Amino acid sequence: MEADANRSADTHLHVFPLPLEWGVDLYLKDESVHPTGSLKHRLARSLFLYALANGWIREDTPVIEASSGSTAVSEAYFARLLGLPFVAVIPKSTSPEKIGLIEFHGGRCHLVDDPSTIYAESRRLAVECGGHYMDQFTYAERATDWRGNNNIAESIFSQLKLERFPEPTWVVVGAGTGGTSSTIGRFARYRRFQTKITVVDPEGSAFFDAFASGNPECKARGSRIEGIGRPRVEPSFTMSVIDRMIQVPDAASIGAMRWTTNVTGRSVGGSTGTAMWGVAMLISEMLAAGERGSVVTLICDGGERYSHTYGSDEWLAAQNIDIRPYQEALAAFLTTGKLIDP
């Protein structure tokens, strides 16, 4: 595990092209360049180290995980690194590209019709085979050392040191487990930064309603944006470290995903699109208030994982999703600094 980390460099912090006179700088932390192609590479490594340190996995222990795709890809990679069998319990709706990547890294996919059953099915399989259920949705917020030790928060603030606004006004992330927002929120408070955390949440997810109402028992149908949004509030979702949440329609997420790729030339996935819609909203508010500063968000994974879904006009038509109004709103935002919600 240590040798693998030693072979991997930190991820890049790209500048998004905004007009200089706005006095607002936007940075995209590119987590898609990890060996397994997503932000979840960090989480998977932390989960395996946590399980090893706790004595939960040993030689030949089968590892089981409930996932919507990307975490399972990364965990399959680390399981193969350690010579352990790996089973991913995932919804049947998971993109075929992600299923292919899990199998490429030596994992086996166990598909379920109802996404809400992935937890119970994972526990059942772990008991049946004498394996360990990794349970990212419970352990994500505690497996990573939020005080530093090369976590994503420490990396972001370190990379910003030489920028004109080294302490960002906002860091914008999505929530699947809640581990990333918990890590960044805790780190900012620990280091006494004034940075605030915004979590963007796709439609159909329980997180936004839970935050707005203060009720962690909220339930929802689930999200169509893979990797973020959940039908229930996961144990790792720490509301107290979040300053704001923004609910984002699916059409806005996918429209912003394609817009970001067109503007930057970098292929991004749907969850990055969700974040970018929230980013544009926050920057629009900053400009209206005459505020200067910087904003940071993440490229969670690449758009090539979604070529049959979010990247497909035929899929959008079948889902009755019209992204054009949101693409037009974002194009106007880049010219005027104002984001008008269609």
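Before reading further, recall that the structure is shown in the block above.
Residue numbers restart at each chain and count upward from 1, following the sequence in its written direction. It should be noted that, the model being predicted, local features are given only for residues of pLDDT at least 70 and side-chain atom pairs only at 80 or more, the latter also being counted only at that level, while totals for whole chains, interfaces and linings use all residues. Working from all heavy atoms in the structure, the side-chain values ignore hydrogens and water.

Visitor: For this particular structure, what's the right way to read the overall build of the chain?
Guide: Each helix is a run of DSSP H or I of at least 4 residues and each strand a run of E of at least 2, with the numbering of both proceeding from the N terminus. Secondary structure summary: the chain contains 13 helices and ten strands in total. The C-alpha radius of gyration computed for the chain amounts to 19 Å, which stays within 12% of the reference 20 Å derived for 342 residues, consistent with globular compactness. In terms of overall dimensions, the chain has a C-alpha envelope of 60 × 45 × 40 Å along the principal axes. For the exposure calls, accessible area comes from a 1.4 Å probe over protein chains only, and a residue counts as buried if that area is under 20% of its type's maximum, exposed if over 50%, partly exposed in between. Within the chain, the fraction of its 342 residues that count as buried is 58%. Sequence separation of 24 or more characterises 73% of the internal contacts of the chain that already satisfy a separation of 6 or more. Total accessible area computed for the chain in this model is approximately 14200 Å², and 50% of it derives from carbon and sulfur atoms. Positive charge is attributed to Lys and Arg, negative charge to Asp and Glu, and no charge count is given to His or to the chain ends. The atoms used to mark charge sites are NZ of Lys, CZ of Arg, CG of Asp and CD of Glu. Separation between the mean location of the 33 positive side-chain charges and that of the 40 negative ones in the chain comes to 4 Å. We compute the radius of gyration over the C-alpha atoms and compare it with the globule rule, which gives 2.2 Å times the number of residues raised to the power 0.38. In this analysis, two residues are considered to be in contact whenever any of their non-hydrogen atoms come within 4.5 Å of each other. The method behind every accessible area is Shrake-Rupley, applied with a 1.4 Å probe, and residues are considered shielded solely by the protein chains displayed.

Visitor: Which parts of the structure should I look at to understand unusual backbone geometry?
Guide: Most peptide bonds are trans, and most residues other than glycine sit at a negative phi. Residue Arg192 is not a glycine yet carries a positive backbone phi of 65°. Assignment of secondary structure puts Arg192 in the loop between helix H8 (179-190) and strand S8 (196-202). Phi is positive for Asn320, which is not a glycine, with a value near 60°. Mapped onto the fold, Asn320 is located in the loop between helix H12 (313-318) and helix H13 (324-336).

Visitor: Hey, could you run me through the pattern of salt bridges in this one?
Guide: Any carboxyl oxygen of Asp or Glu that lies within 4 Å of a side-chain nitrogen of Lys or Arg is treated as forming a salt bridge with it. Under the definition given, this model contains 21 salt bridges. Of the charged contacts in the structure, one is a salt bridge between Lys29 and Asp10, with a shortest N-O distance of 3.4 Å. Of this pair, Lys29 sits in strand S2 (residues 24-30) while Asp10 sits in the loop between helix H1 (2-7) and strand S1 (13-16), placing them 19 residues apart in sequence. Asp10 gets classed as partly exposed once you look at its relative accessible area, which sits at 38%. Between Asp113 and Lys92 there is a salt bridge; the shortest N-O distance is 2.9 Å. Placement of the pair is Asp113 in the loop between strand S5 (108-112) and helix H5 (118-129) and Lys92 in the loop between strand S4 (86-91) and helix H4 (96-104), with a sequence separation of 21 residues. Residue Asp113 is classed as exposed on the basis of its relative accessible area, which comes to 65%.

Visitor: Looking at this model, I keep getting lost on the sheet that holds S2. Mind explaining?
Guide: Hydrogen bonds between backbone atoms are what pair the strands of a sheet, whose relative direction is either parallel or antiparallel. What the six strands build is an open sheet, ordered S1-S2-S10-S7-S8-S9; its pairing is mixed. Looking at strand neighbours, the two that pair on one side only are S1 and strand S9 (244-248), the edges of this open sheet. Across the sheet, the axes of successive neighbouring strands diverge by a mean angle of 25°, strand direction being ignored. Two strands pair if DSSP finds at least two bridges between them. Pairing geometry for S2 and strand S10 (residues 293-299), over seven bridges, is parallel. Within S10, the residue paired with Lys29 across the bridge is Leu298. Where helices are involved, their axes are fitted lines through C-alpha atoms of the stretch in contact, as for all axes, and angles between N-to-C directions lie from 0 to 180°.

Visitor: Quick question: what am I supposed to make of the nonpolar core here?
Guide: The nonpolar side chains of a soluble globular protein tend to be buried with one another. Ranked by internal contacts, the top residues of the largest apolar core, which has 41 residues, are Leu26, Val172, Ile254, Trp277, Ile283 and Val295. Counting only elements with at least two residues in this core, the list comes to S2, strand S7 (170-174), S9, helix H10 (250-264), helix H11 (270-288), S10, H12 and H13. Those residues in contact with Leu26 that lie beyond four places of it in its chain are His14, Val15, Phe16, Leu18, Met276, Val279, Ile283 and Val295. Each nonpolar core is a collection of buried residues, namely Ala, Val, Leu, Ile, Met, Phe, Trp, Tyr and Cys, held together in the definition by side-chain atoms within 4.5 Å. Residues Leu13, Phe157, Ile242 and Cys300 belong to the second largest nonpolar core, which totals 27 residues.

Visitor: Explain the packing of helix H3 (residues 70-81) against H4 to me, please; I cannot follow it from the model alone.
Guide: For the pair H3 and H4, the least separation of the axes is 8 Å and the interaxial angle reads 10°. Here H3 is positioned roughly parallel relative to H4, judged by the angle of their axes. Residue-level inspection shows Ser70, Ala72, Val73, Ala76 and Arg80 of H3 in contact with H4, the latter providing Lys98, Leu101, Ile102 and Phe104. Nonpolar residues are Ala, Val, Leu, Ile, Met, Phe, Trp, Tyr, Cys and Pro. Charged residues are Asp, Glu, Lys and Arg, and all others, Gly as well, are polar. Residue composition of the contact of H3 with H4, by class: six nonpolar, one polar and two charged. Should an angle fall under 35 degrees it is called roughly parallel, over 145 degrees roughly antiparallel, and 65 to 115 degrees roughly perpendicular, with every other angle called oblique.

Visitor: When you look at the environment of Gly270 in this model, what are you seeing that I'm missing?
Guide: Checked against the element boundaries, Gly270 lands in helix H11. As a C-alpha pair, Gly270 and Gly255 span 15 residues in sequence and 8.9 Å in three-dimensional space. Ignoring any residue separated from it by four or fewer positions in sequence, one finds Gly270 in contact with Ile225, Ser253, Met257, Tyr306 and Tyr310.

Visitor: Which parts of the structure should I look at to understand the packing of H10 against H11?
Guide: Angle between the axes and distance between the axes: these two values describe a pair of packed helices. Running from N to C, H10 and H11 point in directions that differ by 95°, and their axes come no closer than 7 Å. If you check the angle between H10 and H11, you find them roughly perpendicular. Every residue of H11 that contacts H10 at Ala252, Ser253, Ala256, Met257, Trp259 and Thr260 is listed here: Gly270, Gly273, Thr274, Met276 and Trp277. By residue class, the composition of the contact of H10 with H11 is six nonpolar, five polar and no charged.

Visitor: Please explain the packing of aromatic side chains as it appears in this structure.
Guide: The relative placement of two aromatic rings is captured by the distance of their centres and the angle of their planes. Paired rings are identified among Phe, Tyr and Trp, the last through its six-membered ring, by centres lying within 6.5 Å, and are further divided according to the angle between planes into stacked (under 30 degrees), edge-to-face (over 60) and tilted (the rest). In total, this model carries 16 aromatic pairs according to the counting rule given. Taking the centre distance of 5.6 Å and the plane angle of 80° together, the rings of Tyr50 and Trp56 count as edge-to-face. Relative accessible area serves as the criterion here: at 24%, Tyr50 is assigned to the partly exposed category. A relative accessible area of 33% means that Trp56 is categorised as partly exposed. For the pair Tyr306 and Tyr310, a centre-to-centre distance of 5.0 Å together with 25° between the ring planes defines the contact as stacked. In this pair, the class of Tyr306 matches that of Tyr310, namely buried. Among the aromatic side chains, those forming a connected cluster through ring pairs are Phe48, Tyr77 and Phe78. Definition used: whenever NZ (Lys) or CZ (Arg) falls within 6 Å of the ring centre and also within 35 degrees of the ring normal, the charge is taken to sit over that ring. One cation-aromatic arrangement involves Arg147 over Trp146; the distance from NZ or CZ to the ring centre is 5.6 Å. Positioned above the aromatic ring of Tyr119, the side-chain terminus of Arg232 is 3.6 Å from the ring centre.

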